[in-house]
Amino acid sequence: MTENKDLLQKLITDDSTRKFDNVGIGDSSDKDEIMTVSRIVQVRYRFYAVWVLLLILIVLFRLFLPALDKYDAKKAQALTLKMNLESLENRERQYQESIWFVESINQNADQVVECINKWESCQDLPKEIQNQLWLAKSYLLTKNLDSEKMDVNEKKIIENIDMFLLKLEPFSNNSFVNGTLSKISIWDKESIDWLYKVPVQIDITFDDKEYLLAFINNVEKYVPEDDAVRVLYKIDKITYDVVNSDDPQDTTIYMNLYYYEE
């Protein structure tokens, strides 16, 4: 009986041990399976995420970016149009101001000439002209020098030099000459925007520097009272020996003449 009990107890113990061992083996397999499934699911979701990201990028490049480019292009066009309109408005305003300025100079031409030459009647001029006398002077001197027979009206240039530039006192009818003219060279005209430039070379003898200064003043400071002999010059270079300024000198003056064509 005792042996039977021991045998039965042993069988029960072995069976329990096998059950517990089987349970342990089964749990380990389930865990491995679950971990394997979890990895597969993670890989699948990553794969899906990559595809979704690619789809978003495709939509972004195919639809959104072109739309953004079109928007930027339209915005740039609108900005350009606005700038052009503002530029046109500024040009229109400047044009109107220029018209008014020119008309004002023409209406007050005698006073402008008197103000420039003698510093008289300046206070009677409009403030805009008083503040830009140099521009008013240039306008009054810039005349049409068209000629049917020559490239430029050389007769008017010579009259201006003889009747105005060579006068020691340009506004006196009995003035002495400030120099002895020996040569005038007039070169071909050059186009500069809406003006023409004509290089002019004058060879002249001055008794001393005061006569030279009188000639320079006639060119740069004064305006002929006679509109028919008004010419705009800018002196470029003068060959003159200042050390011997008290002696007569043969001097060459290089100037540029400016005029417009109607």
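Quantities reported herein were computed from a predicted structural model and do not represent experimental measurements. (Residues numbered from 1 in each chain as written. Predicted model: local features only at pLDDT ≥ 70, side-chain atom pairs only at ≥ 80, totals over all residues. Heavy atoms only, no water.)

(A) Fine view of the packing of aromatic side chains. Scanning the entire structure with this criterion turns up 4 aromatic pairs. Taken together, a centroid distance of 5.6 Å and an interplanar angle of 25 degrees make the contact between Tyr196 and Tyr259 stacked. Of this pair, Tyr196 sits in strand β3 (residues 195-206) while Tyr259 sits in strand β5 (residues 249-259), and the two are 63 residues apart along the sequence. In this structure, Lys189 packs its charged tip against the face of Tyr196, placed 4.5 Å from the ring centre. Sitting over the ring of Tyr254, Lys237 keeps its end group 4.8 Å from the ring centre. (Phe/Tyr/Trp six-rings, centres within 6.5 Å; stacked < 30°, edge-to-face > 60°. Helix = DSSP H or I, 4+ residues; strand = E, 2+ residues; numbered from the N terminus. Lys NZ or Arg CZ within 6 Å of the ring centre and 35° of its normal.)

(B) Spatial organisation of the state of the cysteines. In total, this model carries 1 disulfide according to the counting rule given. Shown here is the disulfide that connects Cys115 with Cys122, its sulfur atoms set 2.0 Å apart. One disulfide, between Cys115 and Cys122, carries an S-S torsion of 105 degrees and so falls in the right-handed class. Overall, the relative accessible area of 1% leaves Cys115 in the buried class. According to the relative accessible area criterion, Cys122 is buried, its value standing at 14%. (Disulfide = S-S within 2.5 Å. Buried < 20%, exposed > 50% of the residue type's maximum accessible area, 1.4 Å probe, protein only.)

(C) A look at the packing of helix α2 (residues 109-118) against helix α4 (residues 133-141). For the pair α2 and α4, interaxial distance at closest approach is 10 Å and the crossing angle is 115 degrees. α4 is crossed by α2, and the crossing has left-handed handedness. Between α2 and α4, the contacting residues are Ala109, Val112, Val113, Cys115 and Ile116 on the first element and Leu133, Ala136, Lys137 and Leu140 on the second. Split by residue class, the contact of α2 with α4 holds 8 nonpolar, no polar and 1 charged. (Axes fitted to C-alpha atoms, helices over the stretch in contact; angles between N-to-C directions. Left-handed = near helix turned anticlockwise from the far one by under 90°. Contact = heavy atoms within 4.5 Å. Nonpolar A, V, L, I, M, F, W, Y, C, P; charged D, E, K, R; others polar.)

(D) Structural detail: the layout of surface pockets. Space inside the largest pocket adds up to approximately 610 Å³. Val102, Leu135, Ser138, Tyr139 and Trp194 are, among the 23 residues lining the largest pocket, the residues nearest its centre. Where the lining of the largest pocket is concerned, the elements lending two or more residues are α1 (2-107), α4 and β4 (232-239). A per-element tally of the lining of the largest pocket places α1 first, with 9 residues. For the lining of the largest pocket, the class distribution of residues is 14 nonpolar, 5 polar and 4 charged. Of the voids in this model, the second largest pocket is the one considered here, and its volume is about 170 Å³. (1 Å grid on protein atoms, 1.4 Å probe; cavity = no way out; pocket = protein on both sides within 12 Å on 5 of 7 lines; lining within 4 Å. Points joined across faces, edges and corners; volume = space filled by probe spheres on them.)

(E) Structural detail: empty space enclosed by the protein. Under the definition given, this model contains 1 cavity of 30 Å³ or more. Breaking the lining of the largest cavity down by element, the ones donating at least two residues are α5 (154-165) and α6 (209-220). If one sorts the elements of the lining of the largest cavity by residue count, α5 sits on top with 3 residues. Taken together, the residues that form the lining of the largest cavity break down as 8 nonpolar, 2 polar and no charged.

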